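# Summary of structural features
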Amino acid sequence: MTDTKPILILGGTGKTGRRLAERLTARGIPVRIGSRSGTPRFDWEAPASWAPALEGVSAVYISYYPDIAVPGAAEVVDAFARLAVEHGIRRLVLLSGRGEHEAQRAEEMLKASGADWTILRCAWFSQNFSEGFLVEPLLAGEVALPVGPVGEPFVDVDDIADAAEAVLTEPGHVGQLYELTGPRLLSFADAVGEIAKAAGRDIRFVRITHDEFTAAVATHELPPEIVWLLDELFTKVLDGRNESLTDGVQRVLGRAPKDFSAYATETAASRIWSN
Ligand SMILES: NC(=O)c1ccc[n+]([C@@H]2O[C@H](COP(=O)([O-])OP(=O)(O)OC[C@H]3O[C@@H](n4cnc5c(N)ncnc54)[C@H](OP(=O)(O)O)[C@@H]3O)[C@@H](O)[C@H]2O)c1
């Protein structure tokens, strides 16, 4: 008999989870969305909501919120993974981040949880420019960040969703860590330049100081963990430690990753960056 148990997709309405849900659904594989808007509701901040979401699923895609780099994220992911294994759900796929102490701690804990694990350790998502906090400054015509010419191999979330689909539906991926990057290193100035060109607009990139960035972030009344995260990402993680390309997309999917210019051109056509 065919296994018709759903796959639980945490963050199933977010950047990677939504795309993974679409892919699995298109193949006739049932999915359960694990988020505060899912049924049953799943909330990282309410551990009592975890077990009902795990009931009767075959595997879990774990996308932590707000970010796996936030201190304490590893313990929460660990507690969730152990609960899943206790419920007999061993197949766990973790969305992780590169060069982040807390993310790498979460990976080690997942490996020790008794799960049949796969880790997708990802570079910065290209879609942060179109589905995240960078949309607003792009629309305003100026992106001001405390980051210099360091190269980041932005990865397209469509490639991440394709990889997640593959590892959840094909044999041979248990116990594998795939580092997923795009095919090219771009500075933030380069990325904004490509977006400006694709959108046919004048959009400036300005490098600001750490103090100017802190002051700008403070005007937005963001939750403290997001303020901490932005500081950590822009002033610590973007120090060159991730300035390298990997073959993860090629290894999982047998094809090259999507280039940032293709992302910029396709996304500009949706007019998200047009005012
Ligand atoms: N963005 C990047 O460049 C990047 C790079 C590498 C790794 N990552 C990792 O990817 C993960 C997702 O990041 P993202 O930026 O792409 O976010 P995202 O998936 O777009 O985040 C939104 C998702 O989180 C859900 N959510 C929000 N609050 C929640 C809560 N309290 N409990 C359960 N679900 C909740 C939302 O659904 P509801 O609103 O319905 O709850 C939605 O599905 C993070 O762990 C991050 O560290 C991100």
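Computed from a predicted structure; not experimentally measured.

## Regarding the overall build of the chain
What the chain contains, in helices and strands, is 12 helices and eight strands. Against the 2.2 N^0.38 benchmark of 19 Å for 275 residues, the chain shows a C-alpha radius of gyration of 19 Å, consistent with a compact globule. For the chain, with 275 residues in total, the buried portion stands at 50%. Taking as baseline every contact in the chain between residues at least 6 positions apart, the subset at least 24 positions apart corresponds to 77%. Just so you have it, the chain exposes about 12,200 Å², and 52% of that area is on carbon and sulfur atoms. Across the chain, the mean location of the 27 positive side-chain charges is 4 Å away from that of the 39 negative side-chain charges.

## Concerning the packing of helix α1 (residues 15-26) against helix α7 (residues 157-169)
The geometry of α1 relative to α7 is characterised by a closest axis approach of 8 Å and an angle of 50° between their N-to-C directions. As summarised for this structure, α1 and α7 are arranged oblique, according to the angle between their axes. Remark: the crossing between α1 and α7 carries right-handed chirality. Contacts from Lys15, Thr16, Arg19, Leu20, Arg23 and Leu24 of α1 reach α7 at Val157, Asp158, Ile160, Ala161, Asp162, Ala164, Glu165, Leu168 and Thr169.

## What to know about the side chain of Glu100
Topologically, Glu100 is positioned in the loop between β4 (91-97) and α4 (101-111). Although Glu100 lies buried, it forms no salt bridge, and the closest oppositely charged side chain, Arg241, sits 7.9 Å away as judged by the N-O distance.

## Considerations on the packing of helix α8 (residues 188-199) against helix α12 (residues 260-268)
Where α8 meets α12, the axes come as close as 8 Å, and the angle between the chain directions of the two elements is 40°. One way to sum up the angle between α8 and α12 is to call them oblique. In this structure, the crossing between α8 and α12 has a hand that is right-handed. Within the contact between the two elements, α8 uses Ala191, Glu194, Ile195, Ala198 and Ala199 and α12 uses Phe260, Ser261, Ala264, Thr265 and Ala268. Considered class by class, the residues forming the contact of α8 with α12 number seven nonpolar, two polar and one charged.

What counts and how
- Per chain, residue numbering runs from 1 following the sequence as it is written.
- This being a predicted model, a pLDDT of at least 70 is required before a residue's local features are given, and a value of 80 or more before pairs of side-chain atoms are given or counted; all residues contribute to the totals for chains, interfaces and linings.
- Side-chain numbers here rest on the full set of heavy atoms in the structure, without hydrogens or water.
- Numbering of helices and strands runs from the N terminus; a helix is a DSSP stretch of H or I covering at least four residues, while a strand is a stretch of E covering at least two.
- A radius of gyration in this sense is built from C-alpha atoms; the matching globule rule multiplies 2.2 Å by the number of residues raised to 0.38.
- Burial classes follow relative accessibility: with a 1.4 Å probe on protein chains only, a residue under 20% of its type's maximum area counts as buried, one over 50% as exposed, and anything between as partly exposed.
- For this analysis, residues touch if any pair of their heavy atoms sits within 4.5 Å.
- Areas reported as accessible are Shrake-Rupley estimates using a 1.4 Å probe. Residue values count occlusion only from the protein chains shown.
- Residues counted as positive are Lys and Arg, residues counted as negative are Asp and Glu, and His and the chain ends are not counted.
- Just so you know, the charge point we use is NZ for Lys, CZ for Arg, CG for Asp and CD for Glu.
- Fitting a line to C-alpha atoms yields each axis, with helices limited to the stretch in contact; the angle taken between N-to-C directions then spans 0 to 180 degrees.
- Orientation is classified from the angle alone, with under 35 degrees giving roughly parallel, over 145 giving roughly antiparallel, 65 to 115 giving roughly perpendicular, and any other angle giving oblique.
- Note: crossing handedness is left-handed where the near helix turns anticlockwise from the far helix by less than a right angle, and right-handed where it turns clockwise.
- Only one rule defines a salt bridge in this text: a Lys or Arg side-chain nitrogen within 4 Å of an Asp or Glu carboxyl oxygen.
- Residue polarity is assigned by list, with Asp, Glu, Lys and Arg as charged and Ala, Val, Leu, Ile, Met, Phe, Trp, Tyr, Cys and Pro as nonpolar; anything else, Gly included, falls into the polar class.

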